[in-house]
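Structural overview for review
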Amino acid sequence: NAKQPSCFFPIPQAAECISRIVERASAPVIYLSTDAAESETGLLQSLIVVKGKVVPLVKRPARNAAEKWDALLYRAKIEDDNQVKAMLDKTICAMSNVFIGAPGSTFTDDILRLRKDWGSASTCDEHLCQGEVPNFIAEGE
């Protein structure tokens, strides 16, 4: 990450930060809104451990004809629209019990504004690894 200071945290550090918030908030599950690779989210999943238990990460499910949660989107032929998917994720995040967002992200800023306006903000809401700097930054690729 070329930004100074970097706003991307290595997965092990991010997992530690998330685990601390999850423990403080007593969250039984984490909804993950990301475009990260499955290999990255899989590693993150394995590292988010609170009191000896892995805290499950869930994502918005893929289209499944047997499920009806997205039937309206399908009928309107907007189920594959990336802007619609982003709004779904924003809404889910804005309605959650606790929100952890990425520093410097307009997606995060939108969600925090929604949470404030909707009265769903929590004292546990924060940016990922708030007050910390990444403990590893890759040099060139």
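Everything quoted here is computed from the prediction, not taken from an experiment. (Residues numbered from 1 in each chain as written. Predicted model: local features only at pLDDT ≥ 70, side-chain atom pairs only at ≥ 80, totals over all residues. Heavy atoms only, no water.)

**A closer look at the packing of helix α4 (residues 82-94) against helix α5 (residues 106-118)**
At their nearest, the axes of α4 and α5 sit 9 Å apart, and the two run at 45° to each other. Relative to α5, the element α4 is oriented oblique. Relative to α5, the crossing made by α4 is right-handed. Residues Ala86, Asp89, Lys90, Cys93 and Ala94 of α4 pack against Phe107, Asp110, Ile111, Leu114, Arg115 and Trp118 of α5. (Axes fitted to C-alpha atoms, helices over the stretch in contact; angles between N-to-C directions. Helix = DSSP H or I, 4+ residues; strand = E, 2+ residues; numbered from the N terminus. Parallel < 35°, antiparallel > 145°, perpendicular 65-115°, else oblique. Left-handed = near helix turned anticlockwise from the far one by under 90°. Contact = heavy atoms within 4.5 Å.)

**Side note on the pattern of salt bridges**
Going through the model one piece at a time under the given rule, you end up with 7 salt bridges. For the salt bridge of Glu132 with Arg20, the shortest nitrogen-to-oxygen distance reads 2.4 Å. One end of the pair, Glu132, is in the segment after β6 (126-127); the other, Arg20, is in helix α1 (residues 11-25), and 112 residues separate them in sequence. Ionic pairing is found between Asp110 and Lys90, a salt bridge with its closest N-O pair at 2.5 Å. Here Asp110 is found in helix α5, whereas its partner Lys90 is found in helix α4, with 20 residues between them in sequence. A network of salt bridges, in which partner residues are shared, links Lys90, Asp110 and Arg113. (Salt bridge = Lys/Arg side-chain N within 4 Å of Asp/Glu carboxyl O.)

**Considerations on the packing of α1 against helix α2 (residues 38-47)**
To characterise two packed helices, one gives the angle between the axes of the helices and the distance between these axes. Two numbers describe how α1 lies on α2: the axes approach to 9 Å, and their chain directions differ by 45°. What the angle tells us is that α1 and α2 run oblique. Between α1 and α2 lies a crossing of right-handed hand. When α1 is examined against α2, the residues Ile11, Pro12, Ala15, Ile18 and Ser19 are found in contact with a partner set consisting of Glu40, Leu43, Leu44 and Leu47.

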